[in-house]
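Commentary on secondary and tertiary structure
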Amino acid sequence: MLDVKAAIFDMDGTLVDSLMLWDILTAALERAYPEKAGTVISEEDNKAIRVLPLRDGMQLLHDHYGIGVSGEELFELETRVFSDFYSHQVQLKPGVREFLDYLRSRGVRMCIASATDPLLVEAALEHCGIRHYFDTVFSCSMLGKGKDTPDIYLMAEEYLGSDRAHTWVFEDAFVAIRTATGIGMQTVGIYDKYNPYQDEIKAMATHYIEPGETLMKLV
């Protein structure tokens, strides 16, 4: 059982099953720019695109691979694809609603800290029926910084008003777990098949949700 007074949740891959969205986006890009179909994105850039703010990720894709007229054009396409997905298709991961109910029953304050655009986060939370659990939504786009820096976690911690020893961060990405751990926060690493570095996440996180497990393991 967690000794938790406040909880900071990532959304994609943590609360909702959404990381396949990058495959959906790739298909949309290939339809829009057939001359670039089959472009091989380096492993380093692929990892960066998944954790950067969306506009920055699309600018990287344009700059490094010449896809589209501009990064802004790619961002507009990405926004359309993502908006449809988050508003109509995305689903919760198993056990999430039950775990949020458990935390709320114990008076735990909760917020979202996501690299995803806040409007898309809000659409997903509303579609999945879990918006009411969270006091507010923080996004890396508000700061212009990704989760390789601690700024979003520090902002969330200040808002929630809890001491760091009892503030838990729930994440599925290694870079995020590393950052939160580096500033002394307790962390729960969550397996997602689309994310690399699972061994590193498991080794670094305070608790780890294995394949086939849910957050209710922590209760």
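The sections below set out a description of the structure shown in this document. (Residues numbered from 1 in each chain as written. Predicted model: local features only at pLDDT ≥ 70, side-chain atom pairs only at ≥ 80, totals over all residues. Heavy atoms only, no water.)

1. Looking at the overall build of the chain
Counting secondary structure elements, the chain contains 10 helices and 8 strands. Computed over C-alpha atoms, the radius of gyration of the chain comes to 17 Å, within 12% of the 17 Å expected from 2.2 N^0.38 for 219 residues, which places it in the range of a compact globule. Expressed as lengths along the three principal axes of its C-alpha atoms, the size of the chain is roughly 55 × 35 × 35 Å. In the chain, which comprises 219 residues, the proportion classed as buried is 50%. Taking all contacts inside the chain whose residues are at least 6 apart in sequence as the whole, residues at least 24 apart take part in 65%. Split by element, the accessible area of the chain, about 9,900 Å² in all, is 51% carbon and sulfur. (Helix = DSSP H or I, 4+ residues; strand = E, 2+ residues; numbered from the N terminus. Rg over C-alpha atoms; globule rule 2.2 N^0.38 Å. Buried < 20%, exposed > 50% of the residue type's maximum accessible area, 1.4 Å probe, protein only. Contact = heavy atoms within 4.5 Å. Areas by Shrake-Rupley, 256 points an atom, 1.4 Å probe, with all protein chains shown as cover.)

2. Remarks on the side chain of T167
As for its position among the elements, T167 is in strand β6 (residues 167-171). Judged by relative accessible area, which is 0%, T167 ranks as buried. In this structure the side chain of T167 is engaged in a polar contact, spanning 2.9 Å, whose partner is the backbone oxygen of D163. Setting aside anything within four residues of it in sequence, one finds T167 in contact with A6, I8, E157, S162, M185 and Q186. (Polar contact = N/O pair within 3.5 Å; in protein donor to acceptor, adjacent residues only side chain to side chain.)

3. Some thoughts on helix α6 (residues 118-128)
Residues of α6 that are buried: L120, V121, A123, A124, L125 and C128. For α6, the side-chain oxygen to backbone nitrogen distance between the N-cap and L119 is 2.9 Å, and the N-cap itself is D117. Directly beyond the C-terminal end of α6, a positive phi value near 75 degrees is found at G129.

4. Focus on the packing of helix α1 (residues 21-32) against helix α4 (residues 71-88)
Packing of α1 against α4 brings their axes to within 10 Å, and their N-to-C directions diverge by 135 degrees. Compared by their axis directions, α1 and α4 come out oblique. Of the two possible hands of crossing, α1 and α4 adopt the one that is right-handed. Contact residues: L21, W22, I24, L25, A28, L29 and A32 in α1; L74, L77, E78, V81, F82, F85 and Y86 in α4. A class-by-class count of the residues in the contact of α1 with α4 yields 13 nonpolar, no polar and 1 charged. (Axes fitted to C-alpha atoms, helices over the stretch in contact; angles between N-to-C directions. Parallel < 35°, antiparallel > 145°, perpendicular 65-115°, else oblique. Left-handed = near helix turned anticlockwise from the far one by under 90°. Nonpolar A, V, L, I, M, F, W, Y, C, P; charged D, E, K, R; others polar.)

5. A closer look at the pairing of β6
Every regular strand shows the same layout, with side chains that alternate between the two sheet faces. Burial of β6 is extensive: 5 of the 5 residues sit out of reach of the surface. Residues of β6 alternate between two faces, with T167, V169 and E171 on one and W168 and F170 on the opposite face, all of them buried. Pairing geometry for strand β1 (residues 6-9) and β6, over 4 bridges, is parallel. Within β6, the residue paired with I8 across the bridge is V169. Pairing of β6 with strand β7 (residues 186-190) involves 4 bridges; the strand directions are parallel. Bridge pairing in β7 links W168 to Q186. (Pairing = 2+ DSSP bridges.)

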